[in-house]
Structure formats: structure tokens, C-alpha cells
Amino acid sequence: MIEIKDKTVYCQTQNTSYWFGINDYQHPVHYYFGPKIPLQDVAPLQRDHVVAYGSSVELGYLYSLDQEALEISFSGKGDFREVAYEISDLKQDALSHLRVTKVFLNDHIDFPKAFFYPRITDSVQQVVVQLVDDYHPIRLELFYTVYEEEDVILRHQRIINEGADIVLINRLMSLQLDLNEQGFEVITANGTWGREAQLTKDRINSGTLIHQSRTGASSNLSNPGLILKKPQICYGFNLIYSGNHYNSVSVNYDGSTRVLSGINPQTFSWNLKPQESFETPLAICTTGHTEAQVSNHFHQFIKNRIVPTAPFPKPITYNHWEGTFFDYNHKKLISFAKKAKECGMDLFVIDDGWFGKRDQDNCSLGDYFENTNKFPQGLKNTIQQIRDLGLKVGLWVEPEMISEDSECYRQHPHWVVGKPNHLRAKGRNQWILDLCQTEVQDYIVDHVGRLIDEYQVDYIKWDMNRHHSDQFSCVLENQKEFDVRFQMALVSILRRIFIERKHVFLEMCSSGGNRFDLGMLSVAQQIWTSDNTDAMDRLKIQEGTALFYPLSVLSNHVSGKINTQTLRKTSLSTRFNVACFGALGYELDLNLCSKVELDEIKEQIEFYKKVQELILKGDFMVTETDNPNRVCWQVKNGKQALVGYFGKMNSGLQPREKLRVLDLESQTMYSIESKPQRLMLDQFGELLKHVAKFPIHPYGSIMNLLSHYKTIQDGVFKTSASGALLAQGIVLNDLYLGTGYHESIRLWGDFGSTLYVVKEIENET
Ligand code: DGJ
């Protein structure tokens, strides 16, 4: 609900309030953002302006912009903080003075058309603040869009050149939030390839903390999601944008905190021609008492308003990539497909290498014709055979890229990003296609569209495997427009391909999570979380990603026994227990799996299908554990919960362990049952000769053969407890210590884990 009263704007969502107003100087000032409060006069939230700070630069009597909580800031009039708006004319005159001329409730929802935006319903409202710049013929509009049900406010800006000359936009952030308080911890998800979304907590007491991307994508270095945390209040932010972003948090000498978020001004400027306008991407902001509440608001908003609804229940995917890399052909794929189907998987993805002469990563990007060595009877034939097995079929593409050794490059050398006839940097042996050229956009739309239609694929994995460099396009006048123009072109390409092909399930990927953002999620149902599929590393990667994004969009695969990135050996059960917190898939050489491993996979999939709705629609949270060697996740929906309890390094005699499950109904009784899981014999080494009924070499060929057919069942745990008790913690069954065996013992070793299903017991209190 939005109410405009006198000069105050009250934005109320179900659980939060965002209030701002226009002061006597016609500046938009911030009053309040936090848990919902009833509408009232804002006087108690206003500064009294009766004394001046020393060193103040004043615009009026005792009025200094540097000490005001502003909704938009500009430089040159005494605000010495980082500003949200900076434009100049061709003489570099960057002096500005923005003043509000009008505030009104919009009769329709205006969103930036060149970028993605969320779905709108009747309950969504928008207020617009119109400003003029005293020194430039500019109209600026600040938009506040209120998603009442999801407790989210969206911010963006539009600038219109009403003059006769070009105006240069040097920076235009999507969001500015000035909070009259300090002492926040800033939580961000940073990393690199294979180590994405590592949560970082920085306490900021003064100065500016910047989290940004300059790689041409939202990047694996610094995700655009941001949380500000204090004991009683948290604020969360994110951008619906996939290009270079910039988030800064500054603490001022007067104890206020300024947050700016938007397109990275360091890699951006824009020639705004007469009568043209420029709109920023949308920024999301939300608030809550705790980090978990803010995370939940993000999740609900993304699930309800951003991610396109899936065309069919999320498929359990088989992707052969880690099982084969480029070394595959028709025969191998069909043998995998048969096993994938037997195990209960739904979708078979043919990854990189099906086209051109691509048997390694140095050629053929940009070419869309089949690799005839791999598919002598044609790719269509392979696809049909897979489909005849009862599987849906998906294809990998990397449309934004071009290989030097490709037909595409030989025919269109001028399509490559960068200065022609100069050395252009390669990443993973490839260059970038210049999407700013309309010919290039059409080429991608035509080829990917044709591929989907002709091969009748149900799913596309859209990859993008390098950071941008050589940002230069022969069609641009201002090369600092490159990054944003590239993003606009990408949005347009994706819209043109997928809006009319809503039946296609789209998974985004960028060397794993290099472009895990709300821009991509506006068109794709999920994103490949990381190329690193090691279960232990994934604990951190998935936890960091899940703080900002719902589990339903995290694509996680169970890969081989010895991880290809870390060389760590992890049990099949733990690999599944971690991967199942998201959209599940398998990515290993199924021909190398023993009978018992295939049986285990089959059971995992049966289990997953039963709890899939809970995982994909439920509320996820991380529960704190007493033991630093343990990680505990829970996802809860209505009357049930699934808890993942994970161990890292084992040691002799681990302290007794408690399992906590939070946010259940305290008076209600619940059953708690561990998911049965098989453990492979090779995990037990020489102990096997003590349990065998006949003399046997624990590492010999008989044992090896036996391990294909026999397993050991992990200890089973079953109990019941009230929600109140579960919140305090229940005592878990013992862990194996080496002193004896009992069927209830957890046989974890290093990297062990268990899933617990928690269900309400009907009719009991
Ligand atoms: C990077 C992706 O993240 C992988 O899953 C795989 O698709 C490769 N690209 C293929 O080149």
C-alpha cells in the first residue's frame, strides 16, 4: 500500500514500512525503512537543524546536504559522500542541483524495458518522484514499486534529456538508501571459479566498502546480493541485472550509512541524446529482524515474481560432462541414457562438444552444425533414440562466444569484440561475439531458435565461459556504453528466443556460478551453481548462494567418487545429501558405477521425488551447530521438514551430538527418521577382514568383486519429539568409534552425512 500525505510518502508492505518525503528545499529525504509501523507523523524521524556541524557546507540556514538522509544525491552542493547521480555536458560541467517537482502514484507500473523485470499483480503499486536539475535540461524520475505480499520494494531511475545537446551520464545508480544509523556487518558472497559464493562478513565503522564486478557479468568474484546486519535489524539488496554491478556501503562522520547499488560507474558512461531517456536496472530492497527473514523475503520474491514457471515438474537431470568431458559419441551417450532412465532420471543433457569439430575447447564456438565424428548417423537420430527411452532431451550452447578456429569467425571476423588487427585477449581459448551488432543478435536468435525447433529439445543449457576483455565495439560512439549495451542485447536475444518457446526449460551457466543473478533468473528456471561438484566444497558454495537465492534455482549434480577438481573421495550418500538441496542432477560416468551404486542412485531419486516439493518450495535455513566440524541445513514446508546434517573431518571420539530443527510448531509432535543409506565396502578397508566369515584380502580382487554387489547399511535413527524439544535439540545416535559395532551406529568417517525427515504426527499434541 502506498499513501501520499502532505509531503510524505508511506510505502507499507505486509511486514515492513518504507517512508520518505520532500523537505522545504525540495529534496527527497529518507525517514524510515524497517519492520512495519502504523502510519503516523514523521516529525520524530526528522533532524531538528538547530546547530551546525563544524566544517559544514550549507545550502540554507543550518542545512547541509552532507548530513541529510537523501533518496538521491548529487555532488557540488556540499554532499561529500559518494553520490548516486552524476551527469555532465560536453564541456565536462558536472555541477547539479536536483529538486523535486512532482510526486505521484503511477496509474500503471513502469519498469525499465531494456532489462528484465518481475511479474506484476494487482496488488503491486508504484510511486514516482519527478526532479529537475537546475543546471541541465534533465528530468529525473525515481521509481518505488511496492510488492506488498513479498515485503519487497523495487527501486529504479529514469533520466530524460529534454534539451538540444547530448548529456553524458557518468553514473546513475538504481538505488540509494541513507540510513540514520551505523554499526552494520556487511554480508556478501564472493569467490572465484570453483569457489563461488563464499560468505564474507565485514564490519564497517568508517569509510566505504565496495563490492563490484568489472568482468562483464555479475561474476563469481562478487555476487550482487548484499545484506546489512545489526542485532535487531537487517537490510537486503540485489539487482535484476547481469552486467558489471557496484554496491557500496559508506559510513559518514555523523553516524549515518549510505548504500548505493546499480550499474558499475567505473566501467560506464552513456551519451544521452536529445529527447532520449535511459533507465537503470531494478534494485530490490527488503528488511527484516534477522538475516533469515531477509533471506526468506528474497526467496519468496524470486520464486513468486522472478523465475519463470517451469514448463514441467523440475526434471532430474543426467549430464555426461564430468563423466566424459569432450570424449563421447552416440554409443556412449545411449549407454548412459539407458542407465539414467533405469535409475529414474527425467532429462538427458548433451553437453559441450556436439557441434563443429569440437573435441577440445579451442574451436568451433559460433558454429551450429553437428559433429559428424561423434554422431555419424546424425544428432537427430541420437536425440530420437534417447527420447524413445522415455527421457526428455537437452542441449548445451554457448552463444555469446566465438572460437578463432570456427567457420563463424572465418566468415565474420568483424563480429569479434575488441579492436580489429590488435591482439585480443582470449579466455578459455575463446573470444566474445559483439552482441552490440544487430547482425550478431539475429545470428544467435536464428541459430539457437532453429536448434530448439528442429531438434525439438526440451531444455537448453546456456553457458558463458569467460570474463570480458577488449570491450570495444565498432558500432558504438561511446565505448563506455559497451557493458550495458551488451546486457541490453543479451536481454533482447533471450526474450526473442525464449518468450515464444515457453516450453523450453532453460538452465543458465557461466563456468558454474559466474552469472548467478536475478537478471538470468528472470528468463531461466535454474543456474548451474558451480563447476566444483565436491560435496564438501559445495557445502559452502550452496550455503552462500542460498542466502540470496531459493533452493529451487540451484542446480546441483552428484558427480564421480573422486572429485575431478579436489581429488577428494566422498561417499555416494554424502554427494547426494548435499546435491539434493536444490534442483538435482547426476553428472558421472554411469558405466563405471557398480550395481550397488546404481541401486543406491535409484533409491536416492525415489527419495528425492518424494521430498522434491518440500525442497523446492519450502523455507530453507542454515542452523547453527556447536561443533565447527558440522553443518546443518533444514528446509521446511507446512507439516514437514528435511534436515541435512553433514560432517567434515572426523576424529576419534567426537563429542555427543544434538540435532536441532527450528521454526516448527512447539506443541506439535513430530517423527524424525533418518533416510536409509548404503555405504560401499571400499570405505571400510581392513576392518572388512574382521567381519568377513572367511579369510579374505580386504584390497584383493574377490573383495573388489564383492563390493559391486554388497553394501553396509548405515545406522538408522528413529524417534519422535515436540517442536519445542526439536528447537532445543535431540541427541543423535552414536558415531562409530572403533570400539564395536551396532546396527544403529552412524558409520560416517570423514565427510559423512545423514538426511532426516521430520513429519508432523497427526492427532497428537
Ligand atoms: C562450463 C560448465 O560449467 C560445465 O558444466 C560444462 O558445461 C563446460 N562449461 C563445457 O564446456
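Look up: the structure comes first, before these words.
Note that the structure is a prediction, hence the values are computed from the model and not measured.

How should I be thinking about the overall build of the chain in this particular structure?
Across its full length, the chain holds 14 helices and 41 strands. A compact globule built from 765 residues would reach a C-alpha radius of gyration of about 27 Å, and the chain, at 28 Å, matches this within 12%. For the chain, buried positions account for 61% of its 765 residues. Accessible surface computed for the chain: about 29,600 Å², of which carbon and sulfur atoms make up 50%. Positive and negative side-chain charges in the chain, numbering 78 and 94 respectively, have mean positions lying 5 Å apart.

I would appreciate a short explanation of the sheet that holds strand β14 (residues 207–212) in the present structure.
Strand-to-strand pairing in sheets goes through backbone hydrogen bonds, with the strands running parallel or antiparallel. With antiparallel pairing, the 4 strands of this open sheet are ordered in space as β11-β18-β17-β14. The sheet is open, and its two edges are formed by β11 (175–179) and β14, each paired on a single side. For this sheet, the mean angle separating the axes of adjacent strands, direction not counted, is 10°. With 7 bridges joining them, strand β17 (residues 245–251) and strand β18 (residues 257–263) adopt antiparallel strand pairing. Bridge assignment links V249 to a residue of β18, and that residue is V259.

I'm lost on the side chain of K314 in this one. Help?
Position of K314 relative to the elements: it lies in the loop between α1 (291–306) and β22 (317–319). One polar contact links the side chain of K314 to the main-chain carbonyl oxygen of S552, over a distance of 2.4 Å. In this structure K314 touches D346, F505, Q525, Q526, S552, V553, A583, Q612 and L616, once residues within four positions along its chain are discounted.

Which parts of the structure should I look at to understand the site of the ligand?
Taken together, the neighbourhood of the ligand is formed by 13 residues, with D351, D352, R428, D463 and D531 sitting nearest. With respect to the ligand, the side chain of D351 contributes an N or O atom lying 2.7 Å from an oxygen atom. In the model, an oxygen atom of the ligand is placed 2.7 Å from a nitrogen or oxygen of the R428 side chain. Notes on the ligand: free accessible area 290 Å², of which the protein chains cover 98%. In terms of residue class, the shell around the ligand is made up of 4 nonpolar, 3 polar and 6 charged.

How should the sheet that holds strand β19 (residues 270–272) be read in this particular structure?
Spatial ordering of the open sheet is given by β5-β10-β19, a layout of 3 strands whose pairing is antiparallel. Edge positions in the sheet fall to β5 (85–88) and β19, since each of these pairs with one other strand and no more. Pairs of neighbouring strands in the sheet enclose a mean axial angle of 35°, with direction left out of account. Examined bridge by bridge, strand β10 (residues 167–172) and β19 share 3 bridges and lie antiparallel to one another. Looking across to β19, one finds that L168 is bridged to N271.

Help me understand the environment of H557 in this model?
Here H557 shows up in strand β30 (residues 554–559). Put simply, H557 and S707 are 150 residues apart on the chain and 24 Å apart in space, counted from C-alpha to C-alpha. Beyond its immediate sequence surroundings of up to four residues, H557 is in contact with T317, N319, W528, T533, A579, G585, Y586 and E587.

Even after reading the chapter, I still don't get the packing of helix α3 (residues 330–343) against helix α11 (residues 595–617), so can you show me in this structure?
What describes two packed helices is the angle between their axes and the distance between those same axes. At a minimum axis distance of 8 Å, the contact between α3 and α11 shows a crossing angle of 50°. Compared by their axis directions, α3 and α11 come out oblique. Counted together, K339, E342 and C343 of α3 and L598, I601, K602 and I605 of α11 form the full contact between these two elements. Each residue belonging to the contact of α3 with α11 can be placed in one class, and the counts come to 4 nonpolar, no polar and 3 charged.

Please explain the packing of aromatic side chains as it appears in this structure.
Where two aromatic rings form a pair, the distance of their centres and the angle of their planes describe that pair. This structure, assessed with the given rule, holds 40 aromatic pairs. Between K230 and the ring centre of F184, over which it is positioned, the NZ or CZ distance is 5.2 Å. Stacked on the ring of F607, the Lys or Arg K675 has its end atom at 5.6 Å from the ring centre.

Just to check I follow, could you spell out the pairing of strand β7 (residues 125–133) for this structure?
Within a regular beta strand, the side chains point alternately toward one face of the sheet and then the other, so they alternate between its two faces. In terms of burial, β7 is largely enclosed, as 7 of its 9 residues are buried. As judged from the 7 bridges shared by strand β6 (residues 98–105) and β7, these two strands associate in the antiparallel manner. Opposite K102, over in β7, you have Q130 as the bridge partner. Here 9 bridges tie β7 to strand β8 (residues 136–147), and the two strands are oriented antiparallel to one another. Looking at β8, one finds that Q125 is bridged to V146. What sits between the antiparallel neighbours β7 and β8 is a turn of 2 residues.

Mind showing me how you'd approach the nonpolar core here?
Within soluble globular proteins, side chains that are nonpolar tend to cluster in buried spots. Counting 133 residues, the largest nonpolar core has I350, W462 and Y586 as its most contacted members. Top element by residues in this core is α11. It accounts for 10 residues. Counting residues in hydrophobic clusters, the runner-up holds 65 residues, among them L70, V146, L226 and V259.

Help me out: how do you make sense of the pattern of salt bridges in this one?
Applying the stated rule across the entire model yields 54 salt bridges. With a closest N to O distance of 3.6 Å, K561 and E597 form a salt bridge. Taken together, the residues span a long stretch of sequence, with K561 in the loop between β30 and α10 (572–579) and E597 in helix α11 at a distance of 36 residues. In this structure, E603 and R678 form a salt bridge, with 2.3 Å as the shortest nitrogen-oxygen distance. Of this pair, E603 sits in helix α11 while R678 sits in strand β37 (residues 678–680), and the two are 75 residues apart along the sequence. The exposure class of E603 is partly exposed, given its relative accessible area of 35%. Each member of the salt-bridge network shares a partner with another, and the members are D110, K113, R139, E141, R158, E162 and E279.

Honestly, the environment of P550 in this entry has me stumped. Any pointers?
By the element assignment, P550 lies in the loop between α9 (535–548) and β30. Each C-alpha atom of the pair P550 and I615 lies 9.6 Å from the other, and the pair is 65 residues apart in sequence. If near-sequence neighbours (up to four positions away) are discounted, P550 is found in contact with H299, I302 and K303.

Would you mind going over helix α6 (residues 438–455) with me for this structure?
Because each turn of an α-helix spans 3.6 residues, side chains separated by three or four positions end up pointing in the same direction. In this model, α6 (18 residues) spans 25 Å end to end at C-alpha, consistent with the 26 Å of a helix rising 1.5 Å per residue. For α6, the set of buried residues is V440, Q441, Y443, I444, V445, V448, G449, L451, I452 and Y455. Looking at the buried positions of α6, the neighbouring elements they touch are α4 (379–388), β24 (392–397), α5 (407–411), β27 (459–462) and α7 (482–498). Phi turns positive, to about 50°, at Q456, one or two residues after α6.

Mind showing me how you'd approach the environment of Y756 here?
Residue position: Y756 is located in strand β41 (residues 753–760). For the pair Y756 and Q212, spaced 544 residues apart in the sequence, the C-alpha separation amounts to 39 Å. Ignoring anything within four residues of it in the chain, the contact list for Y756 reads A641, L642, V643, Y645, L659, I672, E673, S674, F717, L732, N733 and R746.

Cut-offs applied
- Residues numbered from 1 in each chain as written.
- Predicted model: local features only at pLDDT ≥ 70, side-chain atom pairs only at ≥ 80, totals over all residues.
- Heavy atoms only, no water.
- Helix = DSSP H or I, 4+ residues; strand = E, 2+ residues; numbered from the N terminus.
- Rg over C-alpha atoms; globule rule 2.2 N^0.38 Å.
- Buried < 20%, exposed > 50% of the residue type's maximum accessible area, 1.4 Å probe, protein only.
- Areas by Shrake-Rupley, 256 points an atom, 1.4 Å probe, with all protein chains shown as cover.
- Lys, Arg positive; Asp, Glu negative; His and termini not counted.
- Charge placed at Lys NZ, Arg CZ, Asp CG, Glu CD.
- Pairing = 2+ DSSP bridges.
- Axes fitted to C-alpha atoms, helices over the stretch in contact; angles between N-to-C directions.
- Polar contact = N/O pair within 3.5 Å; in protein donor to acceptor, adjacent residues only side chain to side chain.
- Contact = heavy atoms within 4.5 Å.
- Near = heavy atom within 4 Å.
- Nonpolar A, V, L, I, M, F, W, Y, C, P; charged D, E, K, R; others polar.
- Parallel < 35°, antiparallel > 145°, perpendicular 65-115°, else oblique.
- Phe/Tyr/Trp six-rings, centres within 6.5 Å; stacked < 30°, edge-to-face > 60°.
- Lys NZ or Arg CZ within 6 Å of the ring centre and 35° of its normal.
- Core = buried A, V, L, I, M, F, W, Y, C linked by side-chain atoms within 4.5 Å.
- Salt bridge = Lys/Arg side-chain N within 4 Å of Asp/Glu carboxyl O.
- Expected span 1.5 Å × (residues − 1).

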